[in-house]
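# Observations on chain architecture
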Amino acid sequence: MASAPRLVAVLLLAGLGLLPLLAEWLNEPFWVTLFTRVLIFALAASGLNLVLGFGAMVSFGHAMYIGIGAYAVGVLSFHGVDNGWWQLVAALGVGGVVALVVGAICLRTSGMAFIMITLAFAQMLFFLAVSLRDYGGDDGLRLNGRSHFGSLDLENSVALYYLAYALLLAVLGLFARLVQSRFGMVLRGCRSNARRMASLGFATFRYRLSAYVISALVCVLAGMLLANLARFISPSYMAWTVSGELIVMTVLGGLGTLIGPVVGAAGLLLLEEALSSLKLGLPWFDALINQHWLALIGLFIVLVVLVLKQGLYGWLVAREAQRSA
Amino acid sequence: MTTGLFLTQLLNGLQLGVLLFLLSAGLTLVFGIMDVVNLAHGSLYMMGAYFAAAAFNAFDGSFLAAALVAIPGTLLLGLLIERLVLRTLYRRDHLDQVLATFGLILFFNEVVRYVWGPASVYMNTPKWLSGTVDLFGLPYPSYRFAIIAVGLAVGAALYAVIHRTRVGMLIRAGATNPQMVSALGVNINGLNTLVFALGAALAGLAGLMAGPIVSVQSGMGEPILILTLVVIVTGGIGSIRGAFYGALIVGIVDTIGRAFLPGLLRELLDRSVAQAVGPAIASMLIYLLMAAVLALKPQGLFPVKHG
């Protein structure tokens with residue numbers, strides 16, 4: 001018996017899987033690029049969800065890991081290394097070490113201080129990227145080409161789309177098992193009552209740090225894909241607003257649900273796209289919205305927080321739980 | 001490196017420090033009493049600067065008019081935000097507060113872009129402060145000196161209000177245990193509103209004072225908001241004393257680091273290496289400082305003592 005949330009999840013993922021065919025059929029190649037972005041941010045938001053939704057650690061600095069992934073691709077490609085496997089090793093290596101150190105320091109604090117210190121670390125890396133003049137500094141750096149993974153040709157945008165899709169499915173599958181495992185139980189236990197978990201004898205710090213590192217590495221992967229999609233890297237990938245948008249996506253979809261971040265990423269990015277190219281046939285009004293759509297996004301975020309606390313997909317899950325209870 | 005140059009940079013650091021103090025005092029009080037994080041504090045600063053610049057240019061260069069518009073204007077805007085958005089979020093967790101105020105930042109950035117256009121707005125220093133003052137033989141711009149004086153005066157006034165008056169006593173009590181203060185018959189909501197208004201007015205004052213020395217533009221609130229957060233976390237959340245010392249430390253370390261670190265590195269390292277890493281390390285310095293403080297004292301340098 002398929003429940004409503006499960007049905008929505010299957011339909012969503014299947015729809016995303018068929019999208020390039022639809023785009024081909026309707027002759028809308030731009031859709032592939034747009035939805036590759038959606039998949040990449042869905043991947044990053046899913047990564048963030050592991051700490052934010054399942055671990056209740058409000059990280060306001062996860063854009064930093066998107067930046068690390070993107071710069072690993074960009075910097076290596078700048079030096080002539082366009083072998084994707086080496087780039088992957090470098091990105092995960094650097095990202096893992098940074099996440100381990102930053103996580104170990106940040107997890108000493110909690111609550112408000114945790115939010116701010118994660119933000120500060122992300123800013124630190126942002127300014128580091130801005131001052132790297134050899135790699136474009138503030139202006140960013142154009143890539144010579146996309147990464148080469150053996151015979152997989154990423155210059156084909158449909159191939160890149162399906163790589164992002166496969167990665168997203170793999171991460172969602174991994175997280176589905178991870179959350180139900182002993183590790184996930186301890187993590188969710190810390191979300192409810194960290195002190196009790198510590199009293200029960202769990203080394204909560206180690207569990208939370210592991211979750212932080214895993215979630216960071218997922219964002220690193222998203223960053224690598226983003227650099228390949230745009231053929232461009234820039235410090236703006238790790239601007240603090242990107243960290244904020246990742247949180248918005250996660251909350252909009254539904255915190256601590258597996259599919260929520262995917263729903264949220266699609267919802268926010270498609271809304272942005274719709275607002276910035278809105279055509280209602282009223283020239284004055286259209287121009288106003290197309291230019292100042294960020295104001296509407298801002299109000300939308302406020303409304304989501306005030307009214308739709310569980311998120312879109314979270315609302316479905318909660319309704320289902322109520323019905324079966 | 002001459003002593004005069006060093007002293008000038010030290011004063012510049014002090015001037016950035018007192019600006020940061022004006023912002024962090026409000027933010028840390030709001031956090032201490034209401035347990036609310038308000039990222040839109042940076043937007044209040046930005047609106048203060050825009051109000052000031054608009055009034056300054058409309059009343060042909062009257063700084064008094066700028067002050068009379070900017071500070072009450074920001075105060076009213078702050079009250080509006082508190083009533084419409086934050087009040088419903090007091091009992092929610094920090095995540096919701098961060099998100100809602102993040103949305104407000106995006107909103108206000110676009111509002112000023114719509115009203116005042118995408119280009120930055122300029123505001124001159126008032127004529128009577130456009131010269132220099134002589135500090136022990138060192139010429140220093142009067143306006144920057146005035147910022148330092150105003151900041152220190154506000155600091156002293158805040159200290160007096162918080163430690164010597166009845167309202168200040170209630171604020172301190174509210175920061176320690178709001179339920180108890182409420183149970184003793186104090187209107188805690190009124191107190192919240194008062195503190196929020198005070199914080200907004202201080203943010204407006206900071207925007208007014210910064211108006212002539214920075215370019216007033218959309219998004220100007222964010223860099224300084226993040227510095228303010230660094231100050232609050234370094235100094236200890238909720239503590240005015242921590243905000244004061246934290247602001248001065250961050251202001252001075254940042255300014256001195258940017259001014260002298262690249263040169264210092266050039267002495268120690270290879271020229272090309274120093275050129276590449278000097279500015280990077282200089283701009284990361286305060287974040288390294290904050291990380292070091294939190295790694296050693298997670299509660300910050302001057303934590304509020306409870307109980």
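The text that follows walks through the structure, step by step, so that each part is easy to find. (Residues numbered from 1 in each chain as written. Chains lettered and ligands numbered in written order. Predicted model: local features only at pLDDT ≥ 70, side-chain atom pairs only at ≥ 80, totals over all residues.)

Let us look at the overall build of chain B. On a plain count of helices and strands, chain B comes out with 11 helices and two strands. Going from the N terminus to the C terminus, chain B shows its helices and strands as α-α-α-α-β-β-α-α-α-α-α-α-α. In terms of overall size, chain B behaves like a compact globule, its C-alpha atoms giving a radius of gyration of 20 Å where 307 residues would be expected to give roughly 19 Å. In terms of overall dimensions, chain B has a C-alpha envelope of 65 × 50 × 40 Å along the principal axes. Of all 307 residues assigned to chain B, the portion counted as buried reaches 50%. Partitioning the contacts of chain B with sequence separation of at least 6, the portion at a separation of at least 24 is 75%. (Helix = DSSP H or I, 4+ residues; strand = E, 2+ residues; numbered from the N terminus. Rg over C-alpha atoms; globule rule 2.2 N^0.38 Å. Buried ≥ 20, exposed ≤ 12 C-beta atoms within 10 Å, placed from the backbone. Contact = placed C-beta atoms within 7 Å.)

Scanning chain A from N- to C-terminus turns up 12 helices and four strands. Computed over its C-alpha atoms, the radius of gyration of chain A comes to 20 Å, within 12% of the 20 Å expected for a compact globule of 325 residues. Structurally, chain A occupies a C-alpha span of about 55 × 45 × 40 Å along its principal axes. The buried share among the 325 residues of chain A stands at 50%. Across chain A, every contact between residues at least 6 apart in sequence was considered, and the portion connecting residues at least 24 apart equals 75%.

Taken together, the four bridges between strand E1 (residues 132-135) of chain B and strand E2 (residues 138-141) of chain B define a ladder with antiparallel strand orientation. If you follow Val133 of chain B over to E2 of chain B, its bridge partner there is Tyr140 of chain B. (Pairing = 2+ DSSP bridges.)

If you check helix H9 (residues 240-253) of chain A, its first and last C-alpha atoms are 20 Å apart, about what 14 residues at 1.5 Å a residue would give, namely 20 Å. Trailing H9 of chain A by a residue or two, Gly254 of chain A shows a phi angle of about 135°, which is positive. (Expected span 1.5 Å × (residues − 1).)

Let's shift gears to the packing of helix H2 (residues 41-58) of chain B against helix H4 (residues 94-116) of chain B. The relative placement of two packed helices is expressed as an angle between their axes plus a distance between the axes. Residue and element names in this part refer to chain B. Here H2 crosses H4 at 15°, and the two axes come no closer than 9 Å. In terms of axis orientation, H2 runs roughly parallel to H4. Crossing hand, H2 versus H4: left-handed. Between H2 and H4, the residues in contact are Gly42, Ser43, Met46, Met47 and Tyr50 and Leu104, Ile105, Phe108, Val112 and Trp116, respectively. Counted by class, the contact of H2 with H4 contains eight nonpolar, two polar and no charged residues. (Axes fitted to C-alpha atoms, helices over the stretch in contact; angles between N-to-C directions. Parallel < 35°, antiparallel > 145°, perpendicular 65-115°, else oblique. Left-handed = near helix turned anticlockwise from the far one by under 90°. Nonpolar A, V, L, I, M, F, W, Y, C, P; charged D, E, K, R; others polar.)

Residue and element names in this part refer to chain A. Phi at Asn27 takes a positive value of approximately 55°, unusual for a residue other than glycine. Its place among the elements puts Asn27 in the loop between helix H1 (4-26) and helix H2 (30-52). The backbone phi angle of Arg231 is positive, close to 50°, even though this residue is not glycine. Mapped onto the elements, Arg231 comes out in the loop between helix H8 (204-230) and strand E4 (232-233).

The partner chain A presents 35 residues to the 36 residues of chain B that form the contact. Elements with a minimum of two residues in the side of chain B that touches chain A: H4, helix H9 (221-235) and helix H11 (271-296) of chain B.

With that out of the way, let us pick up the environment of Asn290 of chain A. Residues and elements named next belong to chain A. Its location among the elements puts Asn290 in helix H11 (residues 283-307). The spacing of Asn290 and Pro261 is 29 residues in sequence and 26 Å in space, taken between C-alpha atoms. The contacts of Asn290, once residues within four sequence positions are left out, are Ser276, Ser277 and Leu278.

Direction vectors running N to C along helix H5 (residues 111-130) of chain A and H11 of chain B enclose 160°, while the axes themselves pass 9 Å from each other. Put simply, H5 of chain A runs roughly antiparallel to H11 of chain B. For the pair H5 of chain A and H11 of chain B, the crossing hand works out as left-handed. For the pair H5 of chain A and H11 of chain B, contact is made by Ala113, Ile117, Ala120, Phe121, Gln123, Met124, Phe127 and Leu128 of chain A and by Ala280, Ser283, Met284, Tyr287, Met290 and Leu294 of chain B, respectively. For the contact of H5 of chain A with H11 of chain B, the per-class residue count stands at 12 nonpolar, two polar and no charged.

This part covers the nonpolar core. Among the nonpolar cores identified, the biggest contains 214 residues, and Leu43 and Ile66 of chain A together with Ala52 and Val230 of chain B are the most heavily contacted of them. The leading source of residues in this core is H5 of chain A, at 17 residues. In contact with Val230 of chain B, not counting residues within four places along its chain, are Ala120 of chain A together with Val250, Ile286, Tyr287 and Met290 of chain B. (Core = buried A, V, L, I, M, F, W, Y, C linked by C-beta atoms within 7 Å.)

By themselves, these figures tell us nothing about what the structure is for.
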